[in-house]
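Listed below are the residues making up each chain.
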There are 2 protein chains.
Amino acid sequence: MDQQQLIVKMVLQGWENYIRRTDELFTGLSDEQLLREVSPGRNRGIYLLGHLTAVHDRMLPLLELGKVNYPQLESPFLSNPDKSGHEFPPIPELRQQWADINKKLEDGFPSLSPENWFDRHTAVTREDFVKEPNRNKLNLIINRTGHLATHYGQLIFLKY
Amino acid sequence: MDQQQLIVKMVLQGWENYIRRTDELFTGLSDEQLLREVSPGRNRGIYLLGHLTAVHDRMLPLLELGKVNYPQLESPFLSNPDKSGHEFPPIPELRQQWADINKKLEDGFPSLSPENWFDRHTAVTREDFVKEPNRNKLNLIINRTGHLATHYGQLIFLKY
């Protein structure tokens, strides 16, 4: 394995690590537990489930792995905070979408070559990418892993 | 900038991003706020401040950047959970140690060449490293960034 492949593997392992932990957490939580706030006055589990699914869904076009699958999640879970009055989909449906999107990402990753990973993600223009070559697809994974880990730290409060 | 330098920069930026956010958070919290639990029945802010400092302090020898500076933090903040009966140092002292360790890491990072970053961290034996070349110094940063982001997500609950 050359160093390029190695670094891609390292970054993807970091992502998969938090996907696995968060997925195990969601699986172990009942629908009733997901309706609770992670801490008094904070986001509910169901909101974070939809929020993470919507954020990960948008990674597909950014990585050129496909289009957004569930655009209907954007308004209730991305553009608006929890308890904004939006009706949420049933929790079993959200669980299914969470699993589906993460599977699509996992299945898509091997189709990207190391060169692809070091190419820009689609939210960066070609001009900006010349000046900021760190804004590549691999960096998107690094940033989204941090986002996921931040919410994972909050979701574990639902567990006990 | 070659690709090796670029990837080191990307990973370090991810780390610095969460260090900055967490540092701004701690700076904006009063000593009184740090004595509160991040959520009912959970760790207190002071514990997470000492815990993150102790974890980051141990990164220095793992990265061959120096020895542990505050071994006295290990028992109250690493080997034992919060509210275990250990007396904690005064908060101003902990704040100083947090700043000091992160500064030592930041100052030490440029002394590592890209080759150094892809070399094993010192908790991995030479034999294991042959089999698992991903267990290098850069990967330690990836893992510790996830750890930091997890606790950052909890600490922001102290803010409002």
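A. Structural detail: the overall build of chain A. The number of helices and strands found in chain A is 8 helices and 0 strands. A compact globule built from 160 residues should have a C-alpha radius of gyration of about 15 Å, and chain A, at 16 Å, falls within 12% of that. Each principal axis of the C-alpha atoms in chain A carries an extent, and together these give about 45 × 30 × 25 Å. For chain A, the proportion of its 160 residues judged to be buried stands at 52%. Across chain A, every contact between residues at least 6 apart in sequence was considered, and the portion connecting residues at least 24 apart equals 70%. Here chain A has roughly 7,500 Å² of accessible surface; of this, 49% comes from carbon and sulfur atoms.

B. Examining the environment of L73 of chain A more closely. Residue and element names in this part refer to chain A. Relative to the helices and strands, L73 resides in the loop between α3 (45–62) and α4 (74–79). Classification of L73 as buried rests on a relative accessible area of 0%. Along the sequence, L73 and F88 sit 15 residues apart, while their C-alpha atoms lie 8.7 Å from each other. With sequence-adjacent residues up to four places away left out, L73 is seen in contact with G50, T53, A54, L78, P89, L94 and Q97.

C. Spatial organisation of the relation of the copies chain B and chain A. Once chain B has been moved 0.0 Å along the axis and rotated by 180°, it coincides with chain A to within an RMSD of 0.0 Å. Each copy turns onto its partner about a two-fold axis. No C-alpha of chain B lies nearer the rotation axis than that of T150 of chain B, which sits 2.2 Å from it.

D. Focus on the interface of chain B and chain A. Taken together, the contact pairs 30 residues of chain B with 30 residues of chain A. Taken over both partners, the interface formed by chain B and chain A buries close to 2,600 Å², and the fraction arising from carbon and sulfur atoms is 63%. Broken down residue by residue, the surface that chain B buries against chain A is led by M10, R42 and F157 of chain B, which jointly contribute 24%. Summed over the shared surface of chain B and chain A, the result is 0 salt bridges. For the interface between chain B and chain A, the tally reads 15 residue pairs in polar contact (both at pLDDT 80 or more). Those elements giving two or more residues to the side of chain B that touches chain A turn out to be α1 (3–28) and α8 (137–155) of chain B. Residue contributions to the side of chain B that touches chain A peak at 10 residues, all from α8 of chain B.

E. Broad picture of α1 of chain B. Taking 1.5 Å per residue, 26 residues should reach 38 Å; α1 of chain B reaches 37 Å between its end C-alpha atoms and fits that length. Measuring from the side-chain oxygen of the N-cap residue of α1 of chain B to the backbone nitrogen of Q4 of chain B gives 3.2 Å; that N-cap residue is D2 of chain B.

F. How the structure looks around the packing of helix α3 (residues 45–62) of chain B against α8 of chain B. Residues and elements named next belong to chain B. Taken N-terminus to C-terminus, the directions of α3 and α8 make an angle of 175°; their axes are 11 Å apart at the nearest point. In terms of orientation, α3 lies roughly antiparallel with respect to α8. On α8, the residues touching G45, L48, H51, L52, V55, H56, M59 and L62 of α3 are K137, L140, I141, R144, H147, L148, H151, Q154 and L155. Looking at the contact of α3 with α8 residue by residue, the classes come out as 9 nonpolar, 6 polar and 2 charged.

G. Examining the packing of aromatic side chains more closely. All names here are of chain B. What the rule picks out here adds up to 13 aromatic pairs over all chains. Taking the centre distance of 5.9 Å and the plane angle of 75° together, the rings of Y18 and Y152 count as edge-to-face. Placement of the pair is Y18 in helix α1 and Y152 in helix α8, with a sequence separation of 134 residues. Here Y18 falls in the buried class, since its relative accessible area comes to 6%. Between F77 and F88 the ring centres are 4.5 Å apart and the planes differ by 35°, which places this aromatic pair in the tilted class.

H. Up close: the packing of α1 of chain B against α3 of chain B. Residues and elements named next belong to chain B. Contact pair α1 / α3: the axes reach a minimum separation of 12 Å and the direction vectors enclose 145°. Remark: the crossing between α1 and α3 carries left-handed chirality. Residue-level contacts link W15, I19, T22 and F26 of α1 to G45, L49, L52, H56 and M59 of α3. Here the residues of the contact of α1 with α3 are counted per class, giving 6 nonpolar, 3 polar and no charged.

Rules and cut-offs
- Residues numbered from 1 in each chain as written.
- Chains lettered and ligands numbered in written order.
- Predicted model: local features only at pLDDT ≥ 70, side-chain atom pairs only at ≥ 80, totals over all residues.
- Heavy atoms only, no water.
- Helix = DSSP H or I, 4+ residues; strand = E, 2+ residues; numbered from the N terminus.
- Rg over C-alpha atoms; globule rule 2.2 N^0.38 Å.
- Buried < 20%, exposed > 50% of the residue type's maximum accessible area, 1.4 Å probe, protein only.
- Contact = heavy atoms within 4.5 Å.
- Areas by Shrake-Rupley, 256 points an atom, 1.4 Å probe, with all protein chains shown as cover.
- Least-squares fit on C-alpha atoms with pLDDT ≥ 70 in both.
- Buried area = accessible area lost by both parts, 1.4 Å probe.
- Salt bridge = Lys/Arg side-chain N within 4 Å of Asp/Glu carboxyl O.
- Polar contact = N/O pair within 3.5 Å; in protein donor to acceptor, adjacent residues only side chain to side chain.
- Expected span 1.5 Å × (residues − 1).
- Axes fitted to C-alpha atoms, helices over the stretch in contact; angles between N-to-C directions.
- Parallel < 35°, antiparallel > 145°, perpendicular 65-115°, else oblique.
- Nonpolar A, V, L, I, M, F, W, Y, C, P; charged D, E, K, R; others polar.
- Phe/Tyr/Trp six-rings, centres within 6.5 Å; stacked < 30°, edge-to-face > 60°.
- Left-handed = near helix turned anticlockwise from the far one by under 90°.

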